[in-house]
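Residue-level structural notes
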Amino acid sequence: EAGVVQSPRYKIIEKKQPVAFWCNPISGHNTLYWYLQNLGQGPELLIRYENEEAVDDSQLPKDRFSAERLKGVDSTLKIQPAELGDSAVYLCASSRSASSYNEQFFGPGTRLTVL
Amino acid sequence: AQRVTQPEKLLSVFKGAPVELKCNYSYSGSPELFWYVQYSRQRLQLLLRHISRESIKGFTADLNKGETSFHLKKPFAQEEDSAMYYCALRSTGNQFYFGTGTSLTVIP
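Remember, predicted model here, so these are calculated numbers, not experimental data.

**Here we look at the state of the cysteines**
Residues and elements named next belong to chain B. Summed over the entire model, instances satisfying the criterion amount to 2 disulfides over all chains. Residue C23 pairs covalently with C87 via a disulfide, S to S 2.0 Å. Taking the sign of the torsion about the S-S bond as the criterion, the disulfide between C23 and C87, at about -65 degrees, is left-handed. Taken as a pair, C23 in the loop between β3 (19-21) and β4 (24-25) and C87 in strand β9 (residues 83-90) lie far apart in primary sequence, 64 residues in all. Relative accessible area serves as the criterion here: at 0%, C23 is assigned to the buried category.

See the structure below:
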């Protein structure tokens, strides 16, 4: 099993440019999470999906960030336009459901650098 | 408000010595607490959760509601324990809050 797949692994862009990250969760996992991890910090939840529904996006900066999970499988996270402060690692995780008995499995992350 | 506090950014212990990574939380409801670990060049992964009351790789953690703590302990540290450790809290609304992490180095 490949685990959670994320691409690209690294991305360097100039400020004000758009950027998109892609996540493919583990097969059969209904719950998908996007996290932001700044240097020296722990992951911070941006959005959680249950199937195709965004059930918690309270921490997503909606002025520039958007996410979608069409068909309840793959997901994309977009930033438009990117700012210098968006430089961070973006993590995707999935679990069978949001139940506490279901472990979250993390992807390798996408490291974004905004110049 | 900071939900999860890990006071130590860096922690070094000698091989064979006991190790304790501290975690304190702030939450008014009934939280679920977890420890996640990230080994060098690997993904973040679950180490243990308080509801399971299990010992993983010799590590244990007890939820102390009175002290609002969930410290991670191991009686004899091994070199392969060197990693980044994150304490996390899951709220009743299924939101996850991670601490800032503690980098553990086990000195041979």
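Structure shown, so let's carry the discussion forward.
**Observations regarding the sheet that holds β3(B)**
Read from one edge of the open sheet, 3 strands run β3-β8-β7 (chain B), paired in antiparallel fashion. Each edge of the sheet is formed by a strand with only one pairing partner; in this case those strands are β3 and β7 (60-61) of chain B.

**Digging into the interface of chain A and chain B**
With 24 residues of chain A at the contact, the number on the chain B side is 17 residues. At the junction of chain A with chain B, the criterion picks out 6 residue pairs in polar contact (both at pLDDT 80 or more). For the side of chain A that touches chain B, the secondary-structure elements that each account for two or more residues are β4 (31-37) and β5 (44-50) of chain A. If one sorts the elements of the side of chain A that touches chain B by residue count, β4(A) sits on top with 3 residues. Considering only residue class, the side of chain A that touches chain B consists of 10 nonpolar, 11 polar and 3 charged.

**Remarks on the side chain of S69(B)**
All names here are of chain B. Summarising the element assignment, S69 is placed in the loop between β7 and β8 (72-74). Residue class for S69 comes out buried when judged on its relative accessible area of 4%. Here S69 is in contact with C23, N24, Y25, D62, L63 and N64, once residues within four sequence places are set aside.

**Focus: the pairing of strand β2 (residues 10-14) of chain B**
All names here are of chain B. Residues L11 and V13 of β2 are buried on one face, while the alternating residues L10, S12 and F14, pointing to the opposite face, are not. Here β2 pairs with strand β11 (residues 102-107) via 5 bridges, running parallel. Following the sheet pairing, L11 is matched in β11 by L104.

**Side note on the layout of surface pockets**
In this model, the largest pocket occupies a volume close to 650 Å³. Along its surface, the largest pocket is lined by 26 residues, and Q37(A), V89(A), P108(A), R111(A) and Q38(B) are the ones closest to its centre. Sorting the residues of the lining of the largest pocket by element identifies β9 (88-95) and β11 (110-114) of chain A together with β9 of chain B as the ones contributing at least two each. Class assignment for the residues of the lining of the largest pocket results in 11 nonpolar, 11 polar and 4 charged.

**Some words on the nonpolar core**
Note on soluble globular proteins: their nonpolar side chains tend to be buried together. In terms of nonpolar packing, the biggest core is built from 25 residues, with W35(B), L72(B) and Y85(B) touching the most fellow members. Counting residues per element, the ones that place at least two in this core are β2, β3, β5 (32-38), β6 (45-49), β9 and β11 of chain B. Those residues in contact with Y85(B) that sit more than four places away from it in its chain are Q6(B), L21(B), W35(B), Y36(B), V37(B), L47(B), F59(B), L72(B), G101(B), T102(B) and L104(B). C23(A), I47(A), F65(A) and C92(A) belong to the second largest nonpolar core, which has 22 residues in total.

Conventions we followed
Residue numbers run consecutively from 1 along every chain, following the written order of its sequence. Chain letters and ligand numbers both follow the written order, the letters beginning at A and the numbers at 1. Totals for whole chains, interfaces and linings use all residues, but because this is a predicted model, local features are given only for residues with pLDDT of at least 70 and pairs of side-chain atoms are given and counted only at 80 or more. To obtain the side-chain values, all non-hydrogen atoms of the structure were used and water was disregarded. Throughout, a disulfide means two cysteine sulfur atoms within 2.5 Å of one another. Secondary structure elements are defined from DSSP: runs of H or I of at least 4 residues count as helices, runs of E of at least 2 residues count as strands, and each element is numbered from the N terminus. A simple rule labels every residue: compare its accessible area, found with a 1.4 Å probe on the protein chains alone, to the largest value its type can have, and call it buried under 20%, exposed over 50%, or partly exposed in between. Two strands are said to pair when DSSP picks up at least two bridges between them. Throughout, a contact is declared for two residues whenever any of their heavy atoms are within 4.5 Å. Between N or O atoms, a polar contact is any pair within 3.5 Å; within protein, one atom must be a potential hydrogen donor and the other a potential acceptor, and residues adjacent in sequence are included only when both atoms are from side chains. Nonpolar residues are Ala, Val, Leu, Ile, Met, Phe, Trp, Tyr, Cys and Pro. Charged residues are Asp, Glu, Lys and Arg, and all others, Gly as well, are polar. Definitions used for this entry: grid spacing 1 Å over protein atoms alone; cavity, a set of points where a 1.4 Å probe fits but cannot get out; pocket, an open set with protein on both sides within 12 Å along at least 5 of 7 lines; lining residue, one with an atom within 4 Å of a point. Grid points are joined across faces, edges and corners, and a volume is the space filled by probe spheres set on the points. In these notes, a set of buried Ala, Val, Leu, Ile, Met, Phe, Trp, Tyr and Cys residues joined through side-chain atoms within 4.5 Å is what counts as a nonpolar core.

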